[in-house]
Amino acid sequence: MIKPLLTAILSGLFVASLHAADGKNDVKAAAKKLADQPSYSWLSVPRSEGTGAGGGNFRAGPTEGKIEKGGWTQTSSSFGDNKIETFMKGEKFATKREDEWKTGEDLEGDDRGAFLVRAMKAFKAPAAQAEDIADKVKELKKGEDGSYAGDLTEEGATALLSRGGRGGGGNAPTGGKGSAKFWIKDGALTKFEYNVQGTIKIRDTDEERKINRTTTVEIKDVGTTKINVPAEVKKKLS
């Protein structure tokens, strides 16, 4: 009796691991299919709750983006009262600062621009971002509505918290946890959402700041998105 029971248990665990792998494989294949499209647009909306929500000039707003395969990427975002527009091609980018286009090299020695330079170096297009997040999930299960959802690993949630910034001079976040959900239509990714939670201790103080952030990314205009790049940007990044 013990051997058949053990065999059944191991078989069940093996099947469960296959289902988990299938869920991740489905999402990553859908993200790759999106990346293979000629172009697409997206809207990324972050929402924060709790003491780490931030405000004023430290509150991240929505980001609208456009991307052409093998070509230009355009983003328009807000950070508090500041509007940030960028064009990127390869590893080079230009952003508008006081009605003048500045390259990443122009901003290297600028304290205010250093944050943007770091952000652009860490930038991932939604298709690549979704694939990365899928790898950070313990197990992705398919729901009745056809979406895939699962909990993030502690390491994965902490990495995503760090990527979102350290909230005003904080140390690395601890106690990371969260979840992710992906929507697929006709084999391609159409939307994903992830929630990350954790704690940051403000540097040189005993204050701890709780973070609870949800980011929703919706894909649109697949194959029909066009990017109009200003002549000055083309010249600066040529």
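Not measured: the values here are computed from a predicted model.

Student: How should I be thinking about helix H4 (residues 126–135) in this particular structure?
Tutor: An α-helical turn contains 3.6 residues, so any two residues separated by three or four positions project in the same direction. Among the 10 residues that make up H4, 7 are buried, leaving the element largely enclosed by the rest of the structure. Among the residues of H4, Pro126, Ala127, Gln129, Ala130, Asp132, Ile133 and Ala134 are the ones counted as buried.

Student: In this structure, what is going on with the nonpolar core? I would like to understand it.
Tutor: One broad trend across soluble globular proteins is that nonpolar side chains are buried collectively. Counting 30 residues, the largest nonpolar core has Tyr40, Ile133, Leu152, Phe182 and Phe192 as its most contacted members. Residue assignment for this core shows that the elements contributing at least two residues are helix H1 (2–35), strand S1 (39–49), H4, helix H5 (154–163), strand S9 (174–185), strand S10 (188–201) and strand S11 (208–220). In terms of residue count, S10 provides more of this core than any other element does, 5 residues in total. Not counting residues within four places of it along the chain, the set of residues in contact with Leu152 comprises Ile133, Lys136, Val137, Lys138, Ala157, Leu160, Gly178, Ser179, Ala180, Asn195 and Val196. In terms of nonpolar packing, the next biggest core, distinct from the first, is built from 8 residues, Phe87, Trp101, Ile227 and Leu237 among them.

Student: Looking at this model, I keep getting lost on the sheet that holds strand S4 (residues 82–89). Mind explaining?
Tutor: Two modes of strand pairing occur in sheets, parallel and antiparallel, and in both the strands are linked by backbone hydrogen bonds. Taking strand neighbours across the sheet as the criterion, the 11 strands line up as S6-S5-S4-S3-S2-S1-S11-S10-S9-S8-S7 in an open arrangement whose pairing is antiparallel. Here the strands that pair on one side only, and so sit at the sheet edges, are strand S6 (100–103) and strand S7 (141–142). Of the strand pairs in this sheet, S1 and S11 are connected by 9 bridges, and their pairing is antiparallel. Paired with Ser48 across the strands is Arg213, a residue of S11. Against the sheet, helix H3 (residues 111–121) touches strand S3 (72–79), S4 and strand S5 (92–97), its axis set at about 145° to S5. Set on the sheet, H5 makes contact with S9, S10 and S11; between it and S9 the angle comes to about 90°.

Cut-offs applied
Residues numbered from 1 in each chain as written. Predicted model: local features only at pLDDT ≥ 70, side-chain atom pairs only at ≥ 80, totals over all residues. Heavy atoms only, no water. Buried < 20%, exposed > 50% of the residue type's maximum accessible area, 1.4 Å probe, protein only. Helix = DSSP H or I, 4+ residues; strand = E, 2+ residues; numbered from the N terminus. Core = buried A, V, L, I, M, F, W, Y, C linked by side-chain atoms within 4.5 Å. Contact = heavy atoms within 4.5 Å. Pairing = 2+ DSSP bridges. Axes fitted to C-alpha atoms, helices over the stretch in contact; angles between N-to-C directions.

Function cannot be read off these values alone, since they describe shape.
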